[in-house]
Protein chains: 2
Amino acid sequence: MTIRIVEVGPRDGLQNEAATVPTDVKVAFVDALSDTGVPEIEVSSFVSPKWVPQLADAEEVFRRIRRSAAVVYSALVPNAHGLERALAAGAEKAAVFTAASETFNRRNVNASIAESIERFRPVAEGARSAGLPLRGYVSTAFHCPYEGPIGPEAVRAVALRLLELGVDELSIGDTIGKASPPEVRRLLDVLLRDVDVGRVALHLHDTYGMAVANAIAAWEGYGVTTFDASAGGLGGCPYAKGATGNVATEDLVFVLRASGGDVAVDERAVARAALDVTRAIGRRPASRLAGVFSEANGAPRP
Amino acid sequence: MTIRIVEVGPRDGLQNEAATVPTDVKVAFVDALSDTGVPEIEVSSFVSPKWVPQLADAEEVFRRIRRSAAVVYSALVPNAHGLERALAAGAEKAAVFTAASETFNRRNVNASIAESIERFRPVAEGARSAGLPLRGYVSTAFHCPYEGPIGPEAVRAVALRLLELGVDELSIGDTIGKASPPEVRRLLDVLLRDVDVGRVALHLHDTYGMAVANAIAAWEGYGVTTFDASAGGLGGCPYAKGATGNVATEDLVFVLRASGGDVAVDERAVARAALDVTRAIGRRPASRLAGVFSEANGAPRP
């Protein structure tokens, strides 16, 4: 079964970087990623610039990137206005976001889970009329920084409501990276009773170094084949300063292929893109592969 | 089942660091590790200083470390002379080393596998007379930088010869970090037909980010409970410059406990030891936990 990597570095990754990233760097990053074989890139977010100033240049990034026919360029949208902006910018897929933890959702978007899902109704209708596929993020699906462990039933309830609303794909997020392989299995045991595995993406963060083991558990044990990842493990965690972000695309591709998975992504090209974007923002990639390939360590450029 | 972590940072880790490490730093590192709950620390190596100048101070380190009754302080020995030095220094366990790849063994110690095992005969006898437990490393047990993939039968053959010789424990090494979970299973399927799992330690390197997933596969699937690890992921890989070294003790402890394992190691104390020793040698730990805990990132000291 082919594994689908959704590259979220330009959005989830850069949004959580401490440094402000120039638009030129973002465009070059997306363009480099377009040549790596990833089938989908989350380019930016059409939330209010007041909320996420790091992504205030969403329109400009969408306008300036080079589009590959082999890649779906998606965007996060918080509401109907965000969807309008995304459509005008030529986004090819939209994503809405809620949490499995009430407290987290309230602190994040100042609404209950039910309220935030209600806000997505016009987004789902608009996306459908425009023929745009819709993804629904369910964050804090395992642990919440405020509530602690989140039960699988809570995640299932949110997931089912999003599917009823018309979401095509769910992205189940380990927002603070605290899930372990048994917890991933516990959730999938419950979630996949009602949800087709082909609609489920796992969005793993590597805060505590468990993301790769979790992906292997989900893929080998449950046939999950869609994984979100960010080149170089870009991003951080607002709840653990100094922590790494999403699982690194190049490391995830490497382990899945080494484990027998069919992954048509060039991990060296991803590592190269990660080395370039992190150099531009003054830090180093968090991935193991970028370490192996890094020029800075005397190794040849991948 | 209690998980046993063998901390190999002071030996395998520091031996492969580019920087020369002052004896004071090594002693402080071992002393810090003695308070973390790890039951065994590989302190140094009594190989010829001509081969491994980084560990030429083995006697001095052994003399100066503070000994905890809860910790076994072990040393690598290449031959009978090395064992004499180790005994004189008060090592409490000895380890011999060979490879599963003929080419690797020839390039590493200039002898065939059979010849190097023959050299261990007097070491095994000496250790037995002295009442010292003996460990046998089998490196390149999955992949060899010269030969490529190594078959499980080759590893089994070397393992059985070491056991015949009187080795109490085998440490099966993924020297270049290229093993994937299915490869770990393939080897254990063969090896554990003849070898009690209680005698098997896994020695995983995180070169490509697969070490944690491999440990989980071995522990969950086969009941392997002994794992080598180095604080901060110290060490490197002579075959991949810029690569990380052994799996980081603190990350391994975290994932095993989060997965339900009984691990009496304080991962914060390990991360602290890793932050101190890497600061002293001018780099940063490769572990995810040290990132979370790092002062340098504004987070409180663990």
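Reading the values: rules and limits
- Residues numbered from 1 in each chain as written.
- Chains lettered and ligands numbered in written order.
- Predicted model: local features only at pLDDT ≥ 70, side-chain atom pairs only at ≥ 80, totals over all residues.
- Heavy atoms only, no water.
- Helix = DSSP H or I, 4+ residues; strand = E, 2+ residues; numbered from the N terminus.
- Buried < 20%, exposed > 50% of the residue type's maximum accessible area, 1.4 Å probe, protein only.
- Polar contact = N/O pair within 3.5 Å; in protein donor to acceptor, adjacent residues only side chain to side chain.
- Contact = heavy atoms within 4.5 Å.
- Pairing = 2+ DSSP bridges.
- Axes fitted to C-alpha atoms, helices over the stretch in contact; angles between N-to-C directions.
- Core = buried A, V, L, I, M, F, W, Y, C linked by side-chain atoms within 4.5 Å.
- Salt bridge = Lys/Arg side-chain N within 4 Å of Asp/Glu carboxyl O.
- Buried area = accessible area lost by both parts, 1.4 Å probe.
- Least-squares fit on C-alpha atoms with pLDDT ≥ 70 in both.
- Phe/Tyr/Trp six-rings, centres within 6.5 Å; stacked < 30°, edge-to-face > 60°.
- Parallel < 35°, antiparallel > 145°, perpendicular 65-115°, else oblique.
- Left-handed = near helix turned anticlockwise from the far one by under 90°.
- Nonpolar A, V, L, I, M, F, W, Y, C, P; charged D, E, K, R; others polar.

J.: So what exactly am I meant to see when it comes to the side chain of Ser101 of chain A here?
T.: Residues and elements named next belong to chain A. Checked against the element boundaries, Ser101 lands in the loop between strand 4 (93-99) and helix 5 (102-109). By relative accessible area, Ser101 is classed as buried at 0%. Polar contacts involving the side chain of Ser101 include one to the main-chain amide nitrogen of Phe104, which spans 3.1 Å. Those residues within four positions of Ser101 in sequence are excluded, and the remaining contacts are Ile113, Thr140, Cys144, Glu147 and Ile150.

J.: Sorry, what's going on with the sheet that holds strand 4 (residues 93-99) of chain B here?
T.: Note on sheets: strands pair through backbone hydrogen bonds, and any given pair is parallel or antiparallel. Residues and elements named next belong to chain B. On the basis of which strands lie adjacent, the closed barrel formed by eight strands has the order 1-2-3-4-5-8-9-10 and parallel pairing. The average angle at which neighbouring strand axes cross in this sheet is 25°, direction not considered. Bridge count for strand 1 (residues 4-7) against strand 10 (residues 226-229) is four bridges, and the pairing is parallel. The residue of strand 10 that forms the bridge with Glu7 is Ala229. Where helix 7 (residues 152-165) meets the sheet, it contacts strand 4, strand 5 (134-139) and strand 8 (169-174), and its direction lies at approximately 165° from that of strand 5.

J.: When you look at the nonpolar core in this model, what are you seeing that I'm missing?
T.: Nonpolar side chains in soluble globular proteins tend to be buried together. Of all hydrophobic cores here, the largest spans 190 residues; its most connected members are Ile5, Ile172 and Phe227 of chain A together with Ile5, Ile172 and Phe227 of chain B. In contact with Ile172 of chain B, other than residues within four places in its own chain, are Val138, Ala141, Phe142, Val155, Leu187, Leu191, Val200, Ala201, Leu202 and His203 of chain B.

J.: Which parts of the structure should I look at to understand the pattern of salt bridges?
T.: Between side chains of opposite charge, pairing is possible as soon as their charged atoms come close. The tally for this structure, following the rule as stated, stands at 46 salt bridges over all chains. Between Asp57 of chain B and Lys26 of chain B there is a salt bridge, with its nearest N and O atoms 2.8 Å apart. Of this pair, Asp57 of chain B sits in the loop between strand 2 (40-45) and helix 3 (58-64) while Lys26 of chain B sits in helix 2 (residues 23-34), placing them 31 residues apart in sequence. Of the two residues examined, Asp57 of chain B and Lys26 of chain B, each falls in the buried class. With a shortest N-O distance of 2.9 Å, Glu169 of chain B and Lys93 of chain B are connected by a salt bridge. In this pair, Glu169 of chain B sits in strand 8 while Lys93 of chain B sits in strand 4, placing the two residues 76 residues apart along the sequence. For the residue pair Glu169 of chain B and Lys93 of chain B, the accessibility class agrees, reading buried in each case. Taken together, the shared-partner salt bridges connect Arg4, Glu40, Lys93, Arg135, Glu169 and Asp228 of chain A into one network.

J.: I'm lost on unusual backbone geometry in this one. Help?
T.: Glycine aside, residues mostly have negative phi, and peptide bonds are mostly found in the trans state. Residues and elements named next belong to chain A. The phi torsion at Asn110 lies on the positive side, around 60°, for a residue other than glycine. Locating Asn110 in the fold gives a position in the loop between helix 5 and helix 6 (113-130). Judged by its relative accessible area of 65%, Asn110 is exposed. Its identity is not glycine, yet Thr140 carries a phi of approximately 45°, on the positive side. Position of Thr140 among the secondary structure elements: in the loop between strand 5 (134-139) and strand 6 (143-144).

J.: Just to check I follow, could you spell out the pairing of strand 1 (residues 4-7) of chain A for this structure?
T.: When strand 1 of chain A meets strand 2 (residues 40-45) of chain A, the two strands line up parallel, connected through two bridges. Pairing of Val6 of chain A across the sheet is with Glu40 of chain A, part of strand 2 of chain A.

J.: Explain the interface of chain B and chain A to me, please; I cannot follow it from the model alone.
T.: The parts lose accessible area when they come together, and the size of an interface is often stated as this lost area. Between chain B and chain A, the residue contacts involve 31 residues of the former and 31 residues of the latter. Taken together, both faces of the contact between chain B and chain A bury some 2600 Å²; the carbon and sulfur share is 62%. Together, Tyr208, Arg288 and Val292 of chain B form the three largest contributors to the area buried by chain B at its contact with chain A, with a combined 26%. Inspection of the chain B/chain A interface yields four salt bridges. The partner of Arg288 of chain B in a salt bridge is Asp206 of chain A, and the shortest N-O contact between them spans 2.8 Å. Counting the contacts that link chain B with chain A gives eight residue pairs in polar contact (both at pLDDT 80 or more). Residue assignment for the side of chain B that touches chain A shows that the elements contributing at least two residues are helix 8 (181-191), helix 9 (211-222), helix 10 (249-258) and helix 12 (288-293) of chain B.

J.: Would you mind going over the relation of the copies chain B and chain A with me for this structure?
T.: The operation linking the two copies of the chain is a rotation about an axis combined with a translation along the axis. With an axial shift of 0.0 Å and an RMSD of 0.0 Å, the rotation relating chain B to chain A amounts to 180°. One copy is carried onto the other by what is essentially a two-fold rotation axis. Minimal C-alpha separation from the rotation axis in chain B is found for Ala213 of chain B, amounting to 2.0 Å. With an isologous cut-off of 70% or more, the 100% of interface residues of chain B that recur at the interface of chain A puts this contact in the isologous class.

J.: Is there a simple way to explain the packing of aromatic side chains in this structure?
T.: The relative placement of two aromatic rings is captured by the distance of their centres and the angle of their planes. Counted according to the given criterion, the structure contains six aromatic pairs over all chains. Relative to Phe254 of chain B, the ring of Tyr208 of chain A lies with its centre 4.5 Å away and its plane at 10°, an arrangement referred to as stacked. With Tyr208 of chain A in the loop between strand 9 (200-204) and helix 9 (211-222) and Phe254 of chain B in helix 10, this residue pair bridges two chains. Taking relative accessible area as the criterion, Phe254 of chain B reaches 15% and is therefore assigned buried. Taking the centre distance of 6.3 Å and the plane angle of 35° together, the rings of Phe104 of chain B and Tyr146 of chain B count as tilted. In this pair, Phe104 of chain B sits in helix 5 (residues 102-109) while Tyr146 of chain B sits in the loop between strand 6 (143-144) and strand 7 (148-149), placing the two residues 42 residues apart along the sequence.

J.: Whenever I open this one, the packing of helix 10 of chain B against helix 11 (residues 267-280) of chain B confuses me. Can you help?
T.: Each pair of packed helices can be described by the angle between their axes along with the distance between the axes. Residue and element names in this part refer to chain B. Look at helix 10 against helix 11: their axes get within 8 Å of each other, and the N-to-C directions meet at 165°. One way to sum up the angle between helix 10 and helix 11 is to call them roughly antiparallel. Like other packed secondary-structure pairs, helix 10 and helix 11 cross with a definite hand, here left-handed. Only Glu267, Val270, Ala271 and Ala274 of helix 11 make contact with helix 10, whose side of the interface consists of Thr249, Glu250, Val253, Phe254 and Arg257. Split into classes, the residues belonging to the contact of helix 10 with helix 11 amount to five nonpolar, one polar and three charged.

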